[in-house]
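The residues making up each chain are set out below.
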Amino acid sequence: MAKSQSNRVALVGAGPRGTSVLERLLANWAAETPEGSTLRVDVVDPYPAGSGHVWQPEQSRLYLMNTQSFYPTLIPEDPELAPPLTGTSFDQWREARRRDGQGLNDAEKAELATLESHDFPSRALYGRYLRQTLKALLGQLPDGVEVTFHEALAVAARPVKHEGKDGFDVELDNGETLTVGSVVLALGHIGSRLNPEQRSFKSAAEEQGLTYFPPAPPADVDWQAVPDNEPVLVRGMGLNFFDVMGQLTEGRGGKFVEGGSPGAGVLEYRASGREPKIIAASRRGTPYRAKAGLAGYYPSSITMRYLTEDAVDRFRAAGIQPGFDHDLWPLLHRDALWAYYSTLARSQPAAIKDPAQFLADLEDALQPHAHTTANWEIEVGNVVEKHVVTSRRLNLRGLAAPLAGRTFASRGELDAVITAYLDDDARRSALGEADPVKMAIGALHTGRAILKSVVADGGITDESWLAGLRGWFESFVEGLASGAPALRSEQLAALARAGVVSFVGPDPKFSVDRSAKVFRAVSPWVHDAPVEARTLIEAMSPANRVGINLSPLLEQLMADGLVRTKIMMSVEGTPMQTTGLDVEPHPYRPLAANGSITGNLYVLGLQLSASQWGTAIAAEARPRTGPAYASGQRTLRDADEIARSILGR
């Protein structure tokens, strides 16, 4: 039963998350609505609804999604939720549009002609799916529902009485004010203030006539402002790096072709002559490892044996709030070791003395509390040393830092080593479930999904969240399991062989030489002259930290004490400001400065990063079974909870 005969809600943010809430509002309204009731929804976003800011169909088709076609959906398929009025998963939409081409331009039709379920679509194509899905939803509006779109920026939400009940006046930058009963913050990626070093680089660039590109969504950047044929420093080698790489190479007319000569690698690069000389730098010195070629999102050969739903339930049953380093990581570490060595025994048995006995001994050594050795890792190491040839033993931490402990006589030597690493990593990705390294990473990837459910909403201690999960594990697992498609590694290796891309080395230090009027970068592990360039590009998105955001709406809500940043206590007892809002689940409603819940205000997505780990994925997994898949449906379930709360269900 709806809580009132008339309900008005403002959805602030019209990207995938805001559209998910709209879809759930419509579905729940249609499932159970008193006769004569009305629902008015105001959708507020300066960018076109459905695709929002990040997924605009008009952006370059060189920008790829980081998930395969079979993974994302806007429409839930969970039988426990109210049935959707219309719409399909992206993969089903892909198949339908490939057949009929309805509403697509020539570029979209051309992409769909070769895009298979296991391929990585462009962000532009996913944006078209989002817009078409929204259009279909609007064509199925239930009786009593009105949806109005406002292409404007929400700048404030102030508490007022709405129809005798608590509500908000939502102020827009076009001067309009919407008086509503509820507000949903589905803000997605928003700008943030630069850190001190970035501000100094921006200031130096303005003073010295240099070119500095601060962190920004790649589609927002004017890449034509990057000069041809000049050295360009690029800081960051995560996912945004490949967007930069693509725009400065293929985006300038270059072509990748199949390698045609021995030693040339999988791909060769044919330059257009307009490419800058890209000099790439990151803390680890290499890009993220590439994704394995798999038929599904998780390896089918991996079964979690230690970090399982039963193991998590045992903590809950005992009333234990687990610690990450003490309780959770040792279980996931065991799964990664078993995945590696069981795959090695299957695919490279010659590397193991008596594979059957080895696996039996390894299984015994991995059993928690099954032996008396104080350090189970020592016992596992003894088993591995006895059976496995030295060159095939796993250094799990070393996978994420392939250059650790090495020095290089020159940048030329470094470039050759990184190119060989890229070739090897792409080769391993092509082996898929036959490669032990990719299966160890596959276990970490599967375990990460389980961890998302375990650690959410205070599931682990504050100090464990800060020091373990976010302190070291996040960057470790992202470098291994959050990489780009293997095609990107093949392309980068081709560019390095062609001399278009080179590398700075691990732990780079950046500076500005005002006398020479250049940016400089140097690695302490590379014995060569510093790299110099008049252009510096930050290959990263703006920081996802609500405390330094540039959203006028969030700033007003904080200033008025309606929301606050989540504070956690470190192991030393020091209060630490986290990245997200302090919220009360479920559904997620923000806590005010005085600790009370701000009623009728809801939060979805990135600003929940202090309560949910791994909020950056906007495209949610289609429902499957098992704990690893439950985390993929989180945003869809959160959207449903918000919709039902607004409607009083």
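Structure shown above.
This one's a predicted model, so the numbers in the text were calculated from it and none came from an experiment.

**What to know about helix 16 (residues 552-559)**
If you check which residues of helix 16 are buried, you get L553, L554, Q556 and L557. Projected down its long axis, helix 16 shows its buried positions confined to an angular sector of 160°, all on one face. Contact partners of the buried residues in helix 16: strand 1 (6-12), strand 5 (154-162), strand 8 (182-185) and strand 20 (575-581). Phi for G561, located one or two positions after helix 16, is positive at around 75°.

**A closer look at the side chain of D45**
Structurally, D45 is set in the loop between strand 2 (38-44) and strand 3 (72-73). No salt bridge is formed by the buried D45. Its closest oppositely charged neighbour is R131, at 9.8 Å. There is a polar contact of 2.8 Å between the side chain of D45 and the backbone nitrogen of Y47. For D45, the residues in contact, after removing those within four places along its chain, are G13, A14, G15, H150, E151 and A152.

**Notes on the sheet that holds strand 9 (residues 211-213)**
Read from one edge of the open sheet, five strands run 9-18-10-13-14, paired in parallel fashion. Edge positions in the sheet fall to strand 9 and strand 14 (501-503), since each has one partner strand and no second. Averaged over neighbouring strand pairs, the angle between their axes works out to 20° when direction is ignored. Pairing between strand 10 (residues 231-235) and strand 13 (residues 277-281): five bridges, direction parallel. Bridging across to strand 13, V234 finds its partner in A280. Across the face of the sheet, helix 5 (residues 196-208) comes into contact with strand 9, strand 10 and strand 18 (535-538) while running at roughly 150° to strand 9.

**Side note on helix 12 (residues 411-431)**
For helix 12, spanning 21 residues, the distance from its first C-alpha to its last is 30 Å, which sits close to the expected 30 Å at 1.5 Å a residue. The inward-facing, buried residues of helix 12 contact strand 13, helix 13 (436-455), helix 15 (486-497), strand 14 and strand 17 (531-533). Positive phi shows up at G432, right after helix 12, with a value of about 60°.

What counts as what
Residues numbered from 1 in each chain as written. Predicted model: local features only at pLDDT ≥ 70, side-chain atom pairs only at ≥ 80, totals over all residues. Heavy atoms only, no water. Buried < 20%, exposed > 50% of the residue type's maximum accessible area, 1.4 Å probe, protein only. Helix = DSSP H or I, 4+ residues; strand = E, 2+ residues; numbered from the N terminus. Arc of directions from axis to C-beta. Contact = heavy atoms within 4.5 Å. Lys, Arg positive; Asp, Glu negative; His and termini not counted. Salt bridge = Lys/Arg side-chain N within 4 Å of Asp/Glu carboxyl O. Polar contact = N/O pair within 3.5 Å; in protein donor to acceptor, adjacent residues only side chain to side chain. Pairing = 2+ DSSP bridges. Axes fitted to C-alpha atoms, helices over the stretch in contact; angles between N-to-C directions. Expected span 1.5 Å × (residues − 1).

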